[in-house]
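Tertiary structure, described
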Amino acid sequence: MTPPPARRRPTTAKGGTPAHNLPRRGTVRRAQAITTYGVGSLIAVDHESFIVSGLDGAENSWRTDEAPRIHERRLARLLDVGYFRLPPASDDDSKDGMRVRRFPLMHSCPECTELQRHRDFNPPEGRSVCSTCEVDLVPSRFVVACEAGHLGEFPYWQWVHRSTEQGMTAVGQCGGKLRLRSSGRTASLRSIIISCTCGKATEVSMEGSFRRNALKDLGLTCRGTRPWLGASAPAEDCGRPLRTLQRGSSAVWQPVLKSALSIPPWSDGRADPLAEHWEKLRKHKSRAAVEGYLDAIFDEEWPLSLDEVMTLLDAEREEDPDQETPSTFDRRYSALRNKEYERLRSGNDESKHSHDEQFICETPSGDHSVLAPLGVTGPMLVKKLREVRALKAFTRLADPDSAIESKEMPLFESSLRWLPAMEVRGEGVFLRLDEDRIGAWEKAPAVAARVEWMRTAHQRMLDQRAGEGSQAVPSPVTPRMVLLHTLAHVLIDEWSLEAGYPAASLRERLYAADNMAGVLIYTATSDSAGSLGGVVAQGEPALLERTVRSAIRRAEWCSSDPLCMETGVSGTGGANLAACHACVMLPETSCEHNNSLLDRALLIGTPENPSVGFFGEALGH
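Attention in this report is confined to the structure presented alongside it. (Residues numbered from 1 in each chain as written. Predicted model: local features only at pLDDT ≥ 70, side-chain atom pairs only at ≥ 80, totals over all residues. Heavy atoms only, no water.)

Our next topic: unusual backbone geometry. For the bond from Phe103 to Pro104, the omega torsion is 0°, close enough to zero to count as cis. As for its placement among the helices and strands, Pro104 is situated in the loop between strand 7 (100-102) and strand 8 (106-108). Here the amide bond leading from Asp561 into Pro562 is cis, since omega sits at 5°, within 30 degrees of zero. Mapped onto the secondary structure, Pro562 falls in the loop between helix 12 (541-555) and helix 13 (563-566). (Helix = DSSP H or I, 4+ residues; strand = E, 2+ residues; numbered from the N terminus.)

If you want it as structure tokens, here you go:
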């Protein structure tokens, strides 16, 4: 993304809400527009604060001519869109890219201490200064949000007048002006003082404003405001409890990302010209009907032969979930992972494909038998892969340690046939655990009891978050899921120590179900870390065997032991057992489950019961 290098006069959106370009070149990278500063998020630029606008509407939308289309049919089907777009980027300073709006609107002047809406300071056009004091205005440090994803201004007037006899209906009718100052005595909320010049309210501090019921006690509930859509967007009927948040808190915005690997027959890009036609093509059952449709939409030569189109349609139907039960999003996502697992197992030899092939997966040439004592089987060298990560929605007030998303807020108000996404290319190593061995291990009473403890705690947390009257998502915790998850973490740690890869440049992709027991560890980043064959080299059986043994040995001891191993639960809601930042936790960008659902005891056992560990026998326990 290439916003202009100097401050520019902001354009004004309908309803008086100013919309801006990001004021400096290079402020936000393309990948950050998906993972950090996506639609609905807050971004601080110098001393100003903005919210990233939605995707639709004349005054909100991205410049699509600067946002190239990318295609990944399997993920597009899952998310019910036709295609994806990269975040806009341009070297032309006169063009808008992503549009932003000023938020929060409440500002204070550090000189005269007035606290009011930005426009009431009468700042010169294109600047954010107090017209009286000529000093930079300070955006409100506090905002309010609800679990449905709405965002609003902190109710300063109600907060300072809460003890008066006027009641809560005369907002702004007291005749006074709000002021904000800092006593400077401490760095706590107690030092932030709010007052009103009306004389009918006493000075109050911000202390207590972050209590869960602080705003509920004032009789305030969510009004359903969506400032990222502009003043013209109507507020939704909400009424949920409001929470006070720091403007820069991670709880203000969290992305809901979904990803898929490009696998055959979709991975050579030849099907991309038909991206917007697949849904209609699927409705035609016979070759003659498909041929007639293609003749109708293409005047000249088809991008694919009829046989190739029929092959792609058959492959797509194979990925459809069982029609006997309802096709939920989770079931369709599971079907997507199943297909990836099958392809990773079977491989895709480089010699049989053209240079355009984006998925190359081959069997290593070494002796696989060295891995058998560890219960590891089927290593595959993924020499080339492409992953598309799409921003499906976003949440607010989401638990950062939860493996399940909270209530999702869409990126647009109307209906769009595309979503923002990024594509990354890299390489990796895929390995499986022996099905017979893991099947026997997970049936052991001690293993089942330990994992049930974790599952119960995680399900309790999900039930609490769902609230009364809502059906909670079932916890994904199973013995093999936690085992594979923890194994992936220790292997990433090992490669970061022994092979020189930053842990943040490696990612895990878990395949854990009744018919799957595999993990893909790969590098797929926008930079060059691990893109020259270094990760693939780690998958040769002899080296992989030494790596697995070293990783398991390293997991036997944590600098926080015996507390780490012997603690009953850890993490938010008890979603972890023997896991902490000193042993198996990773940078959050590397983990699919935000560093929850981990237990290294399932790798190595406990001092009281070594048999709980899957690798205990291989280590001589």
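After presenting the structure, the write-up continues.
Time to look at helix 8 (residues 435-442). When helix 8 is considered as a whole, its buried residues turn out to be Ile438, Gly439, Trp441 and Glu442. Around the axis of helix 8, the buried residues are gathered within 165° of arc, so they sit on the same side. Exposed residues lying more than 90 degrees from the buried face of helix 8 are Asp436 and Ala440. Capping the start of helix 8 is the job of one residue whose side-chain oxygen sits 3.2 Å from the backbone nitrogen of Asp436: Asp434. (Buried < 20%, exposed > 50% of the residue type's maximum accessible area, 1.4 Å probe, protein only. Arc of directions from axis to C-beta. Polar contact = N/O pair within 3.5 Å; in protein donor to acceptor, adjacent residues only side chain to side chain.)

It is worth spelling out the sheet that holds strand 11 (residues 142-145) at this point. Backbone hydrogen bonds hold the strands of a sheet together, and the pairing may be parallel or antiparallel. The strand order 12-11-16 describes an open sheet built from three strands, whose pairing is antiparallel. Looking at strand neighbours, the two that pair on one side only are strand 12 (151-153) and strand 16 (243-246), the edges of this open sheet. Looking at each pair of strands side by side, their axes are set apart by 40° on average, direction ignored. Note: strand 11 against strand 16, four bridges, orientation antiparallel. Considered in strand 16, the bridge of Ala145 is made with Arg243. (Pairing = 2+ DSSP bridges. Axes fitted to C-alpha atoms, helices over the stretch in contact; angles between N-to-C directions.)

What follows concerns the pairing of strand 14 (residues 192-196). Looking along a regular strand, one sees the side chains alternate between the two faces of the sheet. The buried count for strand 14 comes to five of five residues, which makes it a mostly enclosed element. Residue alternation in strand 14 divides its side chains into two sets, Ile192, Ile194 and Cys196 and Ile193 and Ser195, and both sets are buried. Sheet topology places strand 13 (residues 178-182) next to strand 14; five bridges connect them, and they run antiparallel. In the strand pairing of strand 14, Arg181 is matched with Ile193.

Remember that the coordinates give geometry; whether it matters functionally is a separate question.
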